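Overview (structure and organization)
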Amino acid sequence: MTHDALRKLGFFVELLPQASPLPDAVLQHYPNIPADYLVFISRLRSCHSPTDTTWLLAPADYQTHTKAAFAWNEFEQLSLEAACRPEETQAIQAFWQCHCPIILSVQPHYAYFAIDLHPHRHGNIVFGCEPEFETTTVVAADFAAFINAGLANTWPQEIRAFLPEFWVGSHDKST
């Protein structure tokens, strides 16, 4: 799979001249991110929708000192702020310990795609959205299958209402 697949999905993609790894803090937090995904994103400088409301997180986006409008773990932070009881906080933290966000979207709704790093579901790509970010739907067995399903326009029907318009049927399936 090449970065051109992201372009075919409607993203604006800018590549780095050389690979850049994820920050050490992220790799320590998520030590079992699939190697093929790490290689794929290591060349991304940026990858975003035409309206800049949906973006695939590039290595620089995971920097904690970056002054971005949205942090790479924004939805985890929002959930933790909304937690009322210690057991809710623990459940939220446990969920995000096994789910590494890879795509964030703020329109038409707050939504994300993440890599599930739980041992029994390792590598699955899941979709989550507001108001319960920790309730997810599996959309693909791995990142390559996720991109291929997007290109084939076969993502599950239950998530289509939460996808940016440019992702749903707006690209040419024959390319």
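Placed above this text is the structure.
Keep in mind the model is a prediction, meaning the values are calculated, not measured.

A separate point is the pattern of salt bridges. Evaluation of the coordinates by the stated rule reveals five salt bridges. A salt bridge links aspartate 4 to arginine 7, with the nearest nitrogen and oxygen atoms 2.7 Å apart. Of this pair, aspartate 4 and arginine 7 are both found in helix 1 (residues 4–8), three residues apart, which corresponds to roughly one turn of the helix. For arginine 7, a relative accessible area of 36% corresponds to the partly exposed category. For arginine 85, the salt bridge goes to glutamate 87, with nearest N and O atoms at 2.7 Å.

So, about the environment of glutamate 87. One can find glutamate 87 in helix 5 (residues 86–97). Judged by relative accessible area, which is 44%, glutamate 87 ranks as partly exposed.

Inspection of helix 4 (residues 74–82) places Glu74, Phe75, Glu76 and Ser79 among the buried residues, and these make up the whole buried set. In this structure, the buried side of helix 4 is in contact with helix 5, strand 4 (99–105) and strand 5 (111–116).

Where helix 4 meets helix 5, the closest approach of the two axes is 9 Å, and the angle between their N-to-C directions is 170 degrees. By the angle class used here, helix 4 and helix 5 are roughly antiparallel. Of the residues in helix 5, those in contact with Phe75, Glu76, Ser79 and Leu80 of helix 4 are Thr89, Ile92, Gln93 and Trp96. Looking at the contact of helix 4 with helix 5 residue by residue, the classes come out as four nonpolar, three polar and one charged.

Another aspect to go through is the layout of surface pockets. Roughly 190 Å³ of volume is contained in the second largest pocket. For the lining of the second largest pocket, the secondary structure elements donating two or more residues are helix 4 and helix 5. Among the residues forming the lining of the second largest pocket, the class breakdown is six nonpolar, one polar and four charged.

Turning our eyes to something else, we now look at the pairing of strand 4. With respect to burial, strand 4 is a largely interior element, seven of its seven residues being buried. The pairing of strand 3 (residues 54–56) with strand 4 spans three bridges and is classified as antiparallel. Bridge assignment links threonine 54 to a residue of strand 4, and that residue is serine 105. The pairing of strand 4 with strand 5 spans six bridges and is antiparallel. Of the residues in strand 5, the one forming a bridge with serine 105 is alanine 111. Hairpin connection between strand 4 and strand 5: a loop of five residues separates the two successive antiparallel strands.

Cut-off values and rules
- Residues numbered from 1 in each chain as written.
- Predicted model: local features only at pLDDT ≥ 70, side-chain atom pairs only at ≥ 80, totals over all residues.
- Heavy atoms only, no water.
- Salt bridge = Lys/Arg side-chain N within 4 Å of Asp/Glu carboxyl O.
- Helix = DSSP H or I, 4+ residues; strand = E, 2+ residues; numbered from the N terminus.
- Buried < 20%, exposed > 50% of the residue type's maximum accessible area, 1.4 Å probe, protein only.
- Contact = heavy atoms within 4.5 Å.
- Axes fitted to C-alpha atoms, helices over the stretch in contact; angles between N-to-C directions.
- Parallel < 35°, antiparallel > 145°, perpendicular 65-115°, else oblique.
- Nonpolar A, V, L, I, M, F, W, Y, C, P; charged D, E, K, R; others polar.
- 1 Å grid on protein atoms, 1.4 Å probe; cavity = no way out; pocket = protein on both sides within 12 Å on 5 of 7 lines; lining within 4 Å.
- Points joined across faces, edges and corners; volume = space filled by probe spheres on them.
- Pairing = 2+ DSSP bridges.

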